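Spelled out from the first residue to the last, the chains are:
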Amino acid sequence: MGEHPVVVARVAERQWHALADDRVVGRGDTSRRPDGRIFVSIDAWHGAVFDQLAEAMLADLPKPLYTLVDETDLDLTSHWERAGFTTRRREWEYLVPTDPQVTGLGSAPPPSDVTIVGVGEAQEGPLRELDRVIRDEVEATVGWQEMPAEVLPLPDGVTVLDPSKYAVAAQSDGYVGLLRVAPVIRQPRIGLIAVRSDQHRRGIARALLAHVLGSLHRRGIETASAEVNESNGAAMALFERVGARRASSNLELVLR
């Protein structure tokens, strides 16, 4: 930074600035996920400034701490590793075709006792009830921390922020599966596919995917994106069977 020393200061509860000659030359901040984990990020042009910000932030924050990096960004990954972070898991981003002739999902009907309810048509009460059941099932097995790291920060007690983004699989007595779609311009993002544990291996997730991708295709959208934890073999197999291809990967790093 030339002749000007860098000073790091905590300027808010979740924000730090690195200053040189009264200019901001780096920023650090934190965010808390709904599962309670703290994720940190640092934006600095110079490696030395990154190191100073990291040192100050890590001294102030309770551990464990987490961060998310693009696996191809070797410089950023090395900065975090220098600060003591190690890789906890990898998330693959898939590009998913929507054309039924490509995906092979044109003939993927749901089971005879299940009806697919399109995006934006689900009833809010039953949807929230299913979401709570699925979250409890996930937490009792692998843990919600194994879900994709980039999730919306929800207010306390709220698990479905926008019901209009969901398609659901319905039985006569309630909902048994859901798929959430974020309407990103040109390339919608499939944020979550989940089926109640007592309804697994019946083709419900495949039927939900067929319905949503088919709807996107009819709207002229050629591909969607999805992020999958590499340890989730079932989800990876589901997407790869329909012709999805890996486009990039993110690493979740942890400092314990």
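Residues numbered from 1 in each chain as written. Predicted model: local features only at pLDDT ≥ 70, side-chain atom pairs only at ≥ 80, totals over all residues. Heavy atoms only, no water.

Caption draft 1: Quick look at the packing of aromatic side chains. Tallying each qualifying case throughout the model produces four aromatic pairs. Ring plane angle 70° and centroid distance 4.9 Å describe the contact between W80 and F85, whose orientation is recorded as edge-to-face. Grouping residues by exposure puts W80 and F85 together as buried. It is R246 that lies over the ring of W92; its NZ or CZ is 4.4 Å from the centre. (Phe/Tyr/Trp six-rings, centres within 6.5 Å; stacked < 30°, edge-to-face > 60°. Buried < 20%, exposed > 50% of the residue type's maximum accessible area, 1.4 Å probe, protein only. Lys NZ or Arg CZ within 6 Å of the ring centre and 35° of its normal.)

Caption draft 2: Molecular detail of the packing of helix α5 (residues 204–218) against helix α6 (residues 233–241). Where α5 meets α6, the axes come as close as 11 Å, and the angle between the chain directions of the two elements is 45°. For the element pair α5 / α6, the angle class is oblique. Two packed elements cross with a definite hand, and for α5 against α6 that hand is right-handed. Residues A205, R206 and L209 of α5 form the contact with α6, whose own contacting residues are L238, F239 and R241. The residue makeup of the contact of α5 with α6, split by class, is four nonpolar, no polar and two charged. (Axes fitted to C-alpha atoms, helices over the stretch in contact; angles between N-to-C directions. Helix = DSSP H or I, 4+ residues; strand = E, 2+ residues; numbered from the N terminus. Parallel < 35°, antiparallel > 145°, perpendicular 65-115°, else oblique. Left-handed = near helix turned anticlockwise from the far one by under 90°. Contact = heavy atoms within 4.5 Å. Nonpolar A, V, L, I, M, F, W, Y, C, P; charged D, E, K, R; others polar.)

Caption draft 3: Fine view of unusual backbone geometry. The peptide bond linking K63 to P64 adopts the cis configuration, its omega dihedral lying at 10°. Relative to the helices and strands, P64 resides in the loop between α1 (47–60) and β5 (65–70). With a phi close to 55°, D21 is a non-glycine residue in the positive phi region. The topology assignment puts D21 in the loop between β2 (15–20) and β3 (23–32). Although it is not a glycine, R201 adopts a positive phi angle of roughly 65°. The topology assignment puts R201 in the loop between β10 (189–195) and α5.

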